Amino acid sequence: MIYNTLGKTNLEVSRLGFGAMRLPTKNNNSDIDRVEASKMLEYGIENGINIIDTAYPYHSKELSGNGNSEKFIGEFLDENNLRDEIILQTKSPSWLMEKHSDFEHYLDIQLEKLKTDYIDIYLLHSLTVSDWSKVKDLNVLDFLDDCLSSGKVGHVGFSSHIEVDYLIEILDEYPKWEVVLTQMNYLDEYYQSGVMGLNYLKDVNVGSMIMEPLRGGRLVNNIPSEVNKLWNMAEVKRSPVEWALQYLWNRDDVDCVLSGMSSFSQVKENVDIACNVDRISDYDSELIREVARTYRSFQGNNCSRCGYCMPCPHGVDIINCFTEYNIAHMMDDAKASAMQYFSLIDDDSRADSCVGCMECLPFCTQMLNIPEELEKVYEYFGSEFDHF
């Protein structure tokens with residue numbers, strides 16, 4: 001296994017981390033297959049993985065419920081006497097906080113579930129602009145100070161699906177941030193905080209972790225024939241998983257890639273790739289960019305995210321509604337993108353809040369009929385999240 005220093009934490013982390021969001025299940029999302037999941041963790045740890053990432057809602061029956069991932073991870077580490085051998089990372093459910101004491105309340109619940117008295121890395125989970133504003137008003141930074149001084153938490157950070165300007169704003173408000181988890185893959189260089197966010201993290205020596213390296217498996221499943229033709233032109237033949245992971249590990253601003261593995265074969269394949277130094281040539285790097293351009297040609301409409309249509313007088317988040325809709329079309333997977341659509345866009349900002357006032361039409365640089373396109377988004381995703 002290859003290890004990197006995680007920014008200013010000085011922790012040596014395996015460049016492949018074990019994401020515990022998509023563990024194998026039996027009957028439903030909350031029913032973890034403990035035997036198979038234990039086998040996967042054992043193999044990963046034996047072969048060098050030293051960081052496990054989980055969160056309060058992972059493997060719950062509902063999107064933001066109290067999940068079983070933390071409980072399973074805690075029991076696994078306790079039963080195998082591995083707690084002190086592993087860098088354990090979990091996340092505070094920011095969206096559930098209503099008063100300052102809630103921060104400590106949920107942390108204590110998580111410590112109990114994880115069967116530990118300390119968490120190595122504690123992140124504020126999936127910060128949105130509105131969530132950050134709310135938790136800041138609840139004095140979350142005082143809570144983080146207390147976590148660090150009490151020893152309950154070793155290092156603090158946040159995960160986010162926000163634009164780079166907001167990411168930098170949050171980073172600049174608290175000097176004790178040490179780790180940031182963002183979404184990145186070769187298709188998402190300019191999605192959310194993207195490459196600019198990674199560059200900034202490197203500049204300020206904050207540890208960078210990556211989620212969704214395979215975009216929930218969509219970069220390696222049901223690959224369009226046009227993309228396969230491009231991969232066949234490569235100087236070095238690689239599997240789709242190798243392309244996705246090595247693209248990230250060839251970057252000097254990525255410390256750790258978290259992969260949500262759901263089968264033993266996936267763990268074995270990812271570990272094998274992580275142990276291999278594979279330098280991507282200039283030719284193959286350009287091929288990756290062409291693959292990304294090809295995927296983008298499948299999007300649902302031609303929104304360029306210029307933002308001239310915003311703000312909508314009725315509060316519709318037009319840009320992000322179109323972004324998630326276009327990604328779903330690119331990946332030919334409505335359900336997978338639905339998680340982003342329903343979790344990152346507020347209830348009253350989704351496509352079904354459009355009243356057809358037409359005030360946005362004169363401003364669209366791509367001359368889209370925005371109300372008609374929003375109706376398509378609504379028809380595509382529906383009004384309720386049913387991923388589980």
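Residues numbered from 1 in each chain as written. Predicted model: local features only at pLDDT ≥ 70, side-chain atom pairs only at ≥ 80, totals over all residues. Heavy atoms only, no water.

1. Details of empty space enclosed by the protein
A probe matching the size of a water molecule, rolled over the atoms, marks out where space remains unfilled.
Next up, step 1: Applying the stated criterion across every chain, the model contains 1 cavity of 30 Å³ or more.
Next up, step 2: Each pocket or cavity is described by its volume, and for the largest cavity that value is around 110 Å³.
Next up, step 3: Residue lining of the largest cavity: 16 residues in total, with Cys303, Ser304, Cys306, Cys309 and Cys364 positioned closest to the centre.
Next up, step 4: Of the residues assigned to the lining of the largest cavity, the class counts are 11 nonpolar, 4 polar and 1 charged. (1 Å grid on protein atoms, 1.4 Å probe; cavity = no way out; pocket = protein on both sides within 12 Å on 5 of 7 lines; lining within 4 Å. Points joined across faces, edges and corners; volume = space filled by probe spheres on them. Nonpolar A, V, L, I, M, F, W, Y, C, P; charged D, E, K, R; others polar.)

2. Points about the pattern of salt bridges
Next up, step 1: Within this structure, the stated rule accounts for 22 salt bridges.
Next up, step 2: In this structure, Glu79 and Arg34 form a salt bridge, with 3.8 Å as the shortest nitrogen-oxygen distance. In this pair, Glu79 is assigned in helix 2 (residues 69-79) and Arg34 in helix 1 (residues 34-46), connecting sequence segments 45 residues apart.
Next up, step 3: Look at Arg34 and you get partly exposed, because its relative accessible area is 35%.
Next up, step 4: Put simply, Arg34, Lys71, Glu75 and Glu79 are held in one network by salt bridges that share partners. (Salt bridge = Lys/Arg side-chain N within 4 Å of Asp/Glu carboxyl O. Helix = DSSP H or I, 4+ residues; strand = E, 2+ residues; numbered from the N terminus. Buried < 20%, exposed > 50% of the residue type's maximum accessible area, 1.4 Å probe, protein only.)

3. Re helix 10 (residues 264-274)
Next up, step 1: Turning to helix 10, its buried residues number three or more, namely Val267, Asn270, Val271, Ile273 and Ala274. Along the axis of helix 10, the buried positions cluster into a sector of 160 degrees, meaning they face one direction only.
Next up, step 2: Where helix 10 is buried, its residues meet strand 3 (16-19), helix 1, helix 9 (240-249) and strand 10 (256-260). (Arc of directions from axis to C-beta. Contact = heavy atoms within 4.5 Å.)

4. Some details on unusual backbone geometry
Next up, step 1: With an omega of 0 degrees, the peptide bond between Met310 and Pro311 qualifies as cis.
Next up, step 2: Mapping Pro311 onto the fold places it in the loop between helix 11 (282-296) and helix 12 (318-331).
Next up, step 3: Positive phi outside glycine occurs at Asn10, with the angle close to 65 degrees.
Next up, step 4: In this fold, Asn10 is placed in the loop between strand 1 (3-5) and strand 2 (12-14).
Next up, step 5: According to the relative accessible area criterion, Asn10 is exposed, its value standing at 58%.
Next up, step 6: In this model, Asn81 sits at a positive phi of 55 degrees, which is unusual for a non-glycine residue.
Next up, step 7: Positionally, Asn81 belongs in the loop between helix 2 and strand 5 (87-92).

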